[in-house]
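Descriptive analysis of the structure
What follows is the residue order along each chain.
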Amino acid sequence: MKRAIVVDTSIVLKWVLDEPDSTTALSLLSRCVNEGTVIQAPALLTYEVANALFQRVRKNIQSLVSEQLD
């Protein structure tokens, strides 16, 4: 039987964004791929990741507008 892990939004975001502990998360991903570990995720992961990315974009836009107004 193959090993499996379940990842959450924070891990997936660390795979695609430069965040604290991204290196550790990418090492986990690499190890799973190399060992043939099955990576599973909750059904809502796509929506959670999209929301997290949207919130970051919105926050950055607000910061830019704020800087321009100052």
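Our subject is the structure listed above.
Residues numbered from 1 in each chain as written. Predicted model: local features only at pLDDT ≥ 70, side-chain atom pairs only at ≥ 80, totals over all residues. Heavy atoms only, no water.

**A short note on the nonpolar core**
By size, the foremost hydrophobic cluster in this structure holds five residues: Val7, Val12, Leu13, Leu45 and Val49. For this core, the secondary-structure elements that each account for two or more residues are α1 (9–16) and α3 (45–69). (Core = buried A, V, L, I, M, F, W, Y, C linked by side-chain atoms within 4.5 Å. Buried < 20%, exposed > 50% of the residue type's maximum accessible area, 1.4 Å probe, protein only. Helix = DSSP H or I, 4+ residues; strand = E, 2+ residues; numbered from the N terminus.)

**Details of unusual backbone geometry**
Even without being a glycine, Asp21 presents a positive backbone phi close to 70 degrees. Along the polypeptide, Asp21 turns up in the loop between α1 and α2 (22–35). On the basis of relative accessible area, Asp21 is assigned to the exposed category, the value being 54%.

**Digging into the packing of α1 against α3**
Between α1 and α3, the shortest axis-to-axis distance is 10 Å and the interhelical angle comes to 60 degrees. On the basis of the axis angle, α1 is oblique to α3. Pair α1 / α3 crosses with right-handed handedness. Residue-level inspection shows Thr9, Val12 and Leu13 of α1 in contact with α3, the latter providing Leu45, Glu48, Val49, Ala52 and Leu53. Its residues assigned to classes, the contact of α1 with α3 shows six nonpolar, one polar and one charged. (Axes fitted to C-alpha atoms, helices over the stretch in contact; angles between N-to-C directions. Parallel < 35°, antiparallel > 145°, perpendicular 65-115°, else oblique. Left-handed = near helix turned anticlockwise from the far one by under 90°. Contact = heavy atoms within 4.5 Å. Nonpolar A, V, L, I, M, F, W, Y, C, P; charged D, E, K, R; others polar.)

Everything listed here is a matter of geometry and, on its own, says nothing about what the molecule does.
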